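Take a look at the letters that make up each chain.
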Amino acid sequence: MSRLAVVASRVSLNATSVLPVVSGNCTVSNCSQLCIVNGTCACRAGYQLQFDGVTCEDINECLISSHNCLFGQACINTEGSFRCQRETSCGTGYELTNSNHCQDIDECALGMHNCGLAFLCNNTEGSFRCHPKEKCAVGFIQDAVGSCIDINECVIHSSPCQPGHTCINTPGSYTCRKNTVTCGRGYHLNADGTRCEDVDECQTGNVCGHHVCVNMMGTYRCECTNGFVFNSVNKQCEDIDECRHYPGRLCAHKCVNTEGSYQCECSKGFQLSQDGRSCDDVNECEANPCGQECANTYGSYQCYCRRGYQLSDTDGNTCEDIDECALPTGGHVCSYRCSNAPGSFYCTCPPMGYTLAPNGHTCQDIDECETGSHTCSASQSCFNIHGGYRCLTLECPSYYQKVANGARKASSMRCVKSCPLNDYVCMQDPVHLISYTILSLPTYKHLNQPEDVVFLRTASSADSADGDVVFEILTTDDRASFDVVKRSQQGIVMGVVRQVKPVNGPIDIELHVALSYVRSGLVSHRNIVVIYICFTEFWF
């Protein structure tokens, strides 16, 4: 195959002479390209001056046919010039270079030949040739697979021996023997014993196994079926390990060699597609491997549980109920008692005095006095406490008169001394006011420091010159669980009743606290505060 030349040329047309730049009406900076001696602008070869007398524009030689490209060449315009390029391809065995020339392709160097393993590739101009690696000695001929086969001179020559002699073929040669009819390997005597005939080995037995047997004069050859290659040494067809010869090209995942072929296998989580090579993802969720929810993933799957359940640590598929009440945060799920349920939980409140809030977690106190669900008589007052209520009859003692509460709560009452006329014993009694109040407090199992319970405010200031105020607990429980201390807040003296010991509920305790106003060492008057404290078992 001959090489084809690529012709390319550049021709400059409409060239303008370049003159030295001199001082005049124009300068180099004024003109886009050149300034000539007479003070006007000019352009280089391949450009033409525009109407503004300053700008230069490229001349398209291909458009105005001012090129010199030959027949079979295409004109391609370039900036300031043009080039000619071959229009037809280089043909088989050649490739077009960057310089527009056809160059021979070296199929041997690029591995683009089809020579077998027993052949050497020799590049030629525009093609290549295959030559056997090993040369056969005299008396041998090479077959198509590169094997050296003995030449039977006794057959290919009409009379290799003199009359009366028998030609006997030998490896690489032959011998002549007086007519003693003996046949060489691959031949046998004919029926009348006068000459040797070829033995058709393909008919005498299964010499090639399951491959194709081709009989030849004095010998035979085996042609291998697909998936096998002929071994010229042991004259046998051997299996081709396609997986080793073409790694990663036959199967998407795993290639397994078989006798005369191969088969593809897929990794776990995939199945072989219809083409026998690709692997498709298996949707394991169709087999319901999960206890509840299943999400298919590429090559696998993932089990999920509904709210209130968690995956088992043993198999990762089964969903086990979550005991929300046993979690570290379980104590904060319900304000009173948490009961586990399959996939959930529910909160309960004490059987009496509380109801479950709309949020389903918190226990709310029932105001029996407000709802009318109490059992107090008409003569009693109902006082709501946490988890219950109390029916109390608050009456002022003799010589005292109940005063209106005003904005005070119903859980308090005030009694002011009202002595009869001329009752000097009543008048001399220093107690002027008796106040009643009812409180509901939680049961503290542990009390690290005193807790303030009631604040008793007075009208006296801390620096009052009228006297002092003395606070005293008159009656309390048998454990002396309360005390009273005096404090000053914003210049006003007050008494603070404190709980100093834990009290186990439910229990009701009645405290009597005295506020004595002392002037000149004598008690001028005294107020008594009666405090009913109801300790509840549960507090939310």
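Residues numbered from 1 in each chain as written. Predicted model: local features only at pLDDT ≥ 70, side-chain atom pairs only at ≥ 80, totals over all residues. Heavy atoms only, no water.

(A) Looking closely at the overall build of the protein chain. Each helix and strand counted, the protein chain has 6 helices and 43 strands in total. The C-alpha radius of gyration of the protein chain comes to 60 Å, more than 25% above the 24 Å expected for a compact globule of 540 residues. Of all 540 residues assigned to the protein chain, the portion counted as buried reaches 29%. Put simply, of all contacts in the protein chain between residues at least 6 apart along the chain, 33% involve residues at least 24 apart. (Helix = DSSP H or I, 4+ residues; strand = E, 2+ residues; numbered from the N terminus. Rg over C-alpha atoms; globule rule 2.2 N^0.38 Å. Buried < 20%, exposed > 50% of the residue type's maximum accessible area, 1.4 Å probe, protein only. Contact = heavy atoms within 4.5 Å.)

(B) Inspection of the pattern of salt bridges at higher detail. One pass over the structure, following the stated rule, counts 7 salt bridges. One salt bridge in this structure joins D508 and R390, with 2.6 Å as the shortest N-O distance. Here D508, found in strand β42 (residues 507-519), pairs with R390, found in strand β34 (residues 388-392); they are 118 residues apart in sequence, far enough to count as distant. A salt bridge links D452 to R487; its shortest N-O distance comes to 3.2 Å. (Salt bridge = Lys/Arg side-chain N within 4 Å of Asp/Glu carboxyl O.)

(C) Here's a closer look at the state of the cysteines. For the coordinates displayed, the defined rule picks out 25 disulfides. A sulfur-sulfur separation of 1.8 Å characterises the disulfide bridge that pairs C334 with C347. One disulfide, between C334 and C347, carries an S-S torsion of -70° and so falls in the left-handed class. Of the two residues, C334 is situated in the loop between β28 (319-321) and β29 (337-341) and C347 in strand β30 (residues 344-348); the sequence distance between them amounts to 13 residues. Each member of the pair C334 and C347 is classed as buried. As a non-bridged cysteine, C534 has C369 as the owner of its nearest cysteine sulfur, 11 Å distant. (Disulfide = S-S within 2.5 Å.)

(D) Quick look at the confidence of the model for the protein chain. Residues at a pLDDT of 70 or more form 90% of the protein chain, whose mean pLDDT is 84. Low pLDDT (under 50) marks residues 1-24, which in the prediction has 63 contacts with non-local residues, meaning those over four places away or in another chain. (pLDDT = per-residue confidence, 0-100.)

(E) Expanded view of the environment of G343. Within the fold, G343 resides in the loop between β29 and β30. For the pair formed by G343 and C305, sequence separation is 38 residues and the distance between their alpha carbons is 9.7 Å.

(F) Representation of the environment of A459. As for its placement among the helices and strands, A459 is situated in strand β38 (residues 451-461). It is 61 Å that separates the C-alpha atoms of A459 and R307, two residues lying 152 residues apart in sequence.

(G) Just the packing of aromatic side chains, in detail. For the structure shown, the criterion picks out 2 aromatic pairs. Ring centres of F270 and Y298 lie 4.9 Å apart, and the angle between their planes is 75°; on these two criteria the pair is classed as edge-to-face. With F270 in strand β23 (residues 270-272) and Y298 in the loop between β25 (293-297) and β26 (300-304), this pair connects stretches of sequence that are 28 residues apart. Take F270: its relative accessible area is 16%, and that puts it in the buried class. With a relative accessible area of 68%, Y298 lands in the exposed category. (Phe/Tyr/Trp six-rings, centres within 6.5 Å; stacked < 30°, edge-to-face > 60°.)

(H) Expanded view of a nonpolar patch on the surface. Residues V155, I156 and M217 make up a contiguous nonpolar surface patch of about 290 Å² in total accessible area. Looking at the element boundaries, V155 is found in helix α2 (residues 153-156). (Patch = residues over 30% accessible without salt bridge, like charges linked within 9 Å, V, L, I, M, F, W, Y side chains within 5 Å. Areas by Shrake-Rupley, 256 points an atom, 1.4 Å probe, with all protein chains shown as cover.)

(I) Representation of the sheet that holds β42. Ordered in space as β35-β36-β37-β43-β42-β39, the 6 strands form an open sheet in which the pairing is mixed. In the strand order of this sheet, the two ends are held by β35 (400-403) and β39 (468-475), each with one partner. Strand-to-strand twist in this sheet, taken as the mean axis angle between neighbours without regard to direction, amounts to 25°. Both β42 and strand β43 (residues 522-536) contribute to a ladder of 13 bridges, which runs antiparallel. The residue bridging I509 from the neighbouring strand is I533, located in β43. (Pairing = 2+ DSSP bridges. Axes fitted to C-alpha atoms, helices over the stretch in contact; angles between N-to-C directions.)

(J) Expanded view of the environment of P442. Position of P442 relative to the elements: it lies in strand β37 (residues 431-442). Owing to a relative accessible area of 12%, P442 belongs among the buried residues under this scheme. With 63 residues separating them in the primary sequence, P442 and G505 have C-alpha atoms 7.8 Å apart. What P442 contacts, discounting residues up to four positions off in sequence, is F535, T536 and W539.

(K) Structural context of the nonpolar core. Ranked by internal contacts, the top residues of the largest apolar core, which has 20 residues, are L456, V497, I531 and I533. Excluding anything up to four places from it in sequence, I533 contacts L439, L441, V453, F482, I507, D508, I509 and L511. Counting residues in hydrophobic clusters, the runner-up holds 15 residues, among them F383, Y400, I438 and I528. (Core = buried A, V, L, I, M, F, W, Y, C linked by side-chain atoms within 4.5 Å.)

(L) Representation of unusual backbone geometry within the structure. Each neighbour pair has its own omega, and for G505 with P506 the value is 0°, a cis peptide bond. You can see P506 is positioned in the loop between β41 (492-499) and β42. Positive phi, close to 70°, is recorded for Y399, a residue that is not glycine. The exposure class assigned to Y399 is partly exposed, which follows from its relative accessible area of 43%.

(M) The pairing of strand β40 (residues 482-489), seen in detail. As judged from the 8 bridges shared by β40 and β41, these two strands associate in the antiparallel manner. Residue pairing across strands places K486 opposite G495, the latter belonging to β41. Between β40 and the antiparallel strand that follows it, β41, lie 2 residues; Q490 among them carries a positive phi value of about 55°.

(N) Broad picture of the pairing of strand β33 (residues 381-385). As paired strands, β33 and β34 are joined by 5 bridges and run antiparallel to one another. Paired with S381 across the bridge in β34 is L392. Hairpin connection of β33 to β34: 2 residues between the antiparallel strands, including G387 at a positive phi of 85°.

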